[in-house]
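Close look at the chain arrangement
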Protein chains: 4
Amino acid sequence: MAKQPDPARRSQRSRQAILTAARELITEMGYAKLSIEAIAARAGVGKQTIYRWWPSKGAVVLDAFLALSEAGPEQDMALPDTGDLEADLKVVMRATVAEFADPAFEAPIRALNTEIINDPALAAQYQEKLAGPVDEAKKERLRSAQRAGQLAAGADLDLALELLYAPLYQRWLLRSGPLTPQYADALVDAFLKAMGPDIDASTH
Amino acid sequence: MAKQPDPARRSQRSRQAILTAARELITEMGYAKLSIEAIAARAGVGKQTIYRWWPSKGAVVLDAFLALSEAGPEQDMALPDTGDLEADLKVVMRATVAEFADPAFEAPIRALNTEIINDPALAAQYQEKLAGPVDEAKKERLRSAQRAGQLAAGADLDLALELLYAPLYQRWLLRSGPLTPQYADALVDAFLKAMGPDIDASTH
Amino acid sequence: MAKQPDPARRSQRSRQAILTAARELITEMGYAKLSIEAIAARAGVGKQTIYRWWPSKGAVVLDAFLALSEAGPEQDMALPDTGDLEADLKVVMRATVAEFADPAFEAPIRALNTEIINDPALAAQYQEKLAGPVDEAKKERLRSAQRAGQLAAGADLDLALELLYAPLYQRWLLRSGPLTPQYADALVDAFLKAMGPDIDASTH
Amino acid sequence: MAKQPDPARRSQRSRQAILTAARELITEMGYAKLSIEAIAARAGVGKQTIYRWWPSKGAVVLDAFLALSEAGPEQDMALPDTGDLEADLKVVMRATVAEFADPAFEAPIRALNTEIINDPALAAQYQEKLAGPVDEAKKERLRSAQRAGQLAAGADLDLALELLYAPLYQRWLLRSGPLTPQYADALVDAFLKAMGPDIDASTH
DNA sequence: CTGTAACCGAGACGGTACGTCCGGTCTTCCA
DNA sequence: TGGAAGACCGGACGTACCGTCTCGGTTACAG
């Protein structure tokens, strides 16, 4: 049986240095140029220390982002809730569009996706640790809308999130079209038509 | 000025051998293990012959798929059109779900996406050569539905395709949820609610 | 000032385990594969325990052999003395040839020499602790021969030993020729011609 | 079957750079600090180019010395022959003693021996390419002495060389005693007693 | 029909990074 | 407080590929 390292003796100093170095290198040079060797050198750490604690380069990158979330535990992940679902969603979607246009976000997110696509284990980690909590916050807003009668009561919230976000995400990831505020609005409009309150109810 | 190779003298024998080798290696060993050296060796070709005609590994992979389409020029890309949009779309979407479940499709498509995410030039090629024609066929079916009054007349067809396909594609790519026939149906239902014929018209 | 470990508190259990492990590993895998890590692991000892008590890998190896000698303190290092120098030397030299042919002797002695060649401090230790006593026993036999008039009275015994042994040792170490009983005899013959009783004296 | 590199396509430029770098690094930093990486870096060469053409570090070092000999093909390996064997040998042996005292000779020769001791294949190469020719030159001088009646006619010249050189070489290699001109003379005296013209013939 | 210029296969080359191993130091915890 | 355990930084190992280059050989167009 292979010997497992003892997490109790792990150097937190090295861990933070590695994650920080990984984040810096990704933004500086892009994911293609990211190497374990460079991370170790930048972090002032032996390569073995990386291999001891992470199974792959992708795992390091994922952890580098998880560490950010941990840093600010009470992240402002909660979506705005003014009572007007359409307005709130348009604000959020336009913000997302703006975020994707920021070059500083490009490299790391593309890096993460490159790894996730080809590594199921990493994808599971990603869903559980990063995407999950964010999606939960979004669903919470939708549940609030359901209570307010602004969203079909029986709507599948997973599908709802996908309807809203997947088109936007795909355009960005595959660069298959322009990301504009108008596009964000159009997505919200379509989403509300598909998932809005039952029409029968309103005709009464 | 750098000398350009003369396409007229290009060896079609080598070209086919390279594309075939690329396809075989991707399915056999996955994209991560794919190397130019391996392609050249398998194809019985000098490395320079690859570098002469393709700018990157991703370009070879893309070409390997384009070549498949060229093989059957009059691909049955046209969607079924029985006159019943909902039924036709559900057939198509269920077929797509089934296709994505086929392990033989996994490796190559993931490979292609890995490259496209990080290479804008390749993404453009992909859109133009592979995705474009397919999307056009899909749009043609939607236009037919518009003429039949089964789809909003002013609907943005690009957005329409994204609403239909992006959720499915994202689930598959990021493994963020199960791909079932029911899911396909639900997507069509949501799509038709969002993009179906204008309600105002029917209430008058 | 660096702190020196206190020899009084040294664990004899660890010391023996380390020396035994070193000996075993050398015979099993040869000197090239010998590492401090492997010795520590085999001995069930922390690496620091080795570094605390020995300055170099070579020192451990040397000690591993010294420990053997200590084990049997009254080693039968004394050479046979039947009164017939030529016969006695031939017996001894033939035995040495046989010893060198034993594969079990190969690895350790070559290991020791590898270290000694490049480490003067170790060489001094080797001369003092291992080679010295053995050479002294050999010289004692030669002194006996001098007393018996079978060896030149004024012979330099250090040179004498080198004449006898260095050719044999060099052949073995550098594999520059075959080691046979005949070769052993020839060496003794040459040695006795060079160092035997003065001819002038006998002719008078 | 493993593929062998094609010697015809070997870059002589790289070969020379590697051998020169190896020689320089050995003298500068000693053999212990010599690494393939350092040789490659100093030579401005990829590591693979070294691994392609040499099976081990020792083989590179050996070649580095062989290349020196090739450079001056008609090396002045021939020993002086004034007709007086004793005088000639004492000159040669004193010169050898002086040579061994030169620190510039130390590192490389010890390096070579370290490798040879543990690598039979390398030892064979060494005997054939380096030691062999030198020994042949020495034997030639001894044959001349035999013709002149200054050496026993039936003497085994291999053994003769060992009697002369092995003691000296062993003292130097193992640092087991001082190397002085007097020692050189004593060796020649002993050698001539052992191997000089037959005494019986002269007494008749 | 014959240069001659290009592509072609092969593969050596200078490099980068891989993932592993070990050297030597430092730290933690046990006896 | 010595020793076991082992994490740590550093750095060499030998391998796999990268993208460039040079080498003959073999087309195939031009004179």
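So, how was this worked out
Residues numbered from 1 in each chain as written. Chains lettered and ligands numbered in written order. Predicted model: local features only at pLDDT ≥ 70, side-chain atom pairs only at ≥ 80, totals over all residues. Heavy atoms only, no water. Least-squares fit on C-alpha atoms with pLDDT ≥ 70 in both. Contact = heavy atoms within 4.5 Å. Buried area = accessible area lost by both parts, 1.4 Å probe. Salt bridge = Lys/Arg side-chain N within 4 Å of Asp/Glu carboxyl O. Polar contact = N/O pair within 3.5 Å; in protein donor to acceptor, adjacent residues only side chain to side chain. Helix = DSSP H or I, 4+ residues; strand = E, 2+ residues; numbered from the N terminus. Nonpolar A, V, L, I, M, F, W, Y, C, P; charged D, E, K, R; others polar. Phe/Tyr/Trp six-rings, centres within 6.5 Å; stacked < 30°, edge-to-face > 60°. Buried < 20%, exposed > 50% of the residue type's maximum accessible area, 1.4 Å probe, protein only. Lys NZ or Arg CZ within 6 Å of the ring centre and 35° of its normal. Domains from an automatic or database assignment. Near = heavy atom within 4 Å. UniProt positions renumbered as here; feature names shortened; annotations may be inferred.

1. As for the relation of the copies chain B and chain A
For these two chains of identical sequence, chain B goes onto chain A by a turn of 179° and a shift of 0.0 Å along the axis, with RMSD 0.3 Å. What the superposition gives is, in effect, a two-fold axis relating one chain to the other. The position closest to the rotation axis in chain B is occupied by the C-alpha of Ala194 of chain B, lying 2.1 Å away. With an isologous cut-off of 70% or more, the 97% of interface residues of chain B that recur at the interface of chain A puts this contact in the isologous class.

2. What to know about the interface of chain C and chain D
Contacts between the two partners involve 31 residues from chain C and, on the opposite side, 30 residues from chain D. Between chain C and chain D, roughly 3000 Å² of surface is buried when both sides are summed, and carbon and sulfur atoms account for 62% of that area. Ranking the residues of chain C by area buried against chain D places Ile117, Glu162 and Leu174 of chain C at the top, with a combined share of 21%. On inspection of chain C and its partner chain D, the count reaches two salt bridges. The partner of Arg171 of chain C in a salt bridge is Glu162 of chain D, with the nearest N and O atoms 2.6 Å apart. Taken together, the connections running from chain C to chain D amount to ten residue pairs in polar contact (both at pLDDT 80 or more). When contributions to the side of chain C that touches chain D are tallied by element, the ones reaching two or more residues are α6 (103-118), α7 (120-147), α8 (157-174) and α9 (181-195) of chain C. Per-element tally for the side of chain C that touches chain D: the top contributor is α8 of chain C, with eleven residues. For the side of chain C that touches chain D, the per-class residue count stands at 18 nonpolar, six polar and seven charged.

3. Quick word on the packing of aromatic side chains
Taken as a whole, this structure holds twelve aromatic pairs over all chains when the rule is applied. For the pair Phe100 of chain B and Tyr169 of chain B, a centre-to-centre distance of 6.2 Å together with 55° between the ring planes defines the contact as tilted. Taken together, the residues Phe100 of chain B in helix α5 (residues 85-101) and Tyr169 of chain B in helix α8 (residues 157-174) connect sequence positions 69 residues apart. On the basis of relative accessibility, which here comes to 10%, the residue Phe100 of chain B falls in the buried class. An aromatic cluster is present here, built from Phe100, Tyr169 and Trp172 of chain A joined pairwise through their rings. Directly above the ring of Tyr31 of chain A sits Lys57 of chain A, whose terminal nitrogen or CZ lies 5.1 Å from the centroid. The ring centre of Trp172 of chain D lies 4.1 Å from the NZ or CZ of Arg110 of chain D, which sits over that ring.

4. Examining the domain arrangement of chain A
All names here are of chain A. For chain A, the assigned domains read domain 1 (10-71) and domain 2 (85-197). A separation of 28 Å is found between the C-alpha centroids of domain 1 and domain 2. The tally of links between domain 1 and domain 2 comes to zero salt bridges. Linking domain 1 with domain 2 are one residue pair in polar contact (both at pLDDT 80 or more). Contributions of two or more residues to the side of domain 1 that touches domain 2 are made by α1 (12-29) and α4 (57-71). Here the side of domain 1 that touches domain 2 is composed, by residue class, of seven nonpolar, five polar and one charged.

5. Structural notes on the protein's contact with DNA strand E
Neighbouring DNA strand E are 41 residues; Lys47 of chain A, Ser11 of chain B, Lys47 and Gln48 of chain C together with Trp53 of chain D lie closest to it. The sugar-phosphate backbone supplies 60% of the atoms of DNA strand E found within 4 Å of the protein. Taking Ser14 of chain B, its side chain carries an N or O atom lying 2.9 Å from a phosphate oxygen of DNA strand E. Contacts to DNA strand E include Asp6 of chain D, whose backbone N or O atom sits 3.2 Å from a phosphate oxygen. Those elements that provide at least two residues to the surface near DNA strand E are α2 (36-43) and α3 (47-53) of chain A, α3 (47-53) of chain B, α2 (36-43) and α3 (47-53) of chain C together with α3 (47-53) of chain D. Here the element with the most residues in the surface near DNA strand E is α3 of chain D; it accounts for five residues.

6. Comments concerning the UniProt feature "DNA-binding region" (unreviewed entry) in chain A
Cross-referencing UniProt, the feature "DNA-binding region" (unreviewed entry) maps to residues 35-54 of chain A in the present numbering. Regarding residues 35-54 of chain A, the helix share stands at 75% and the strand share at 0%, and the terminal C-alpha atoms are separated by 14 Å.

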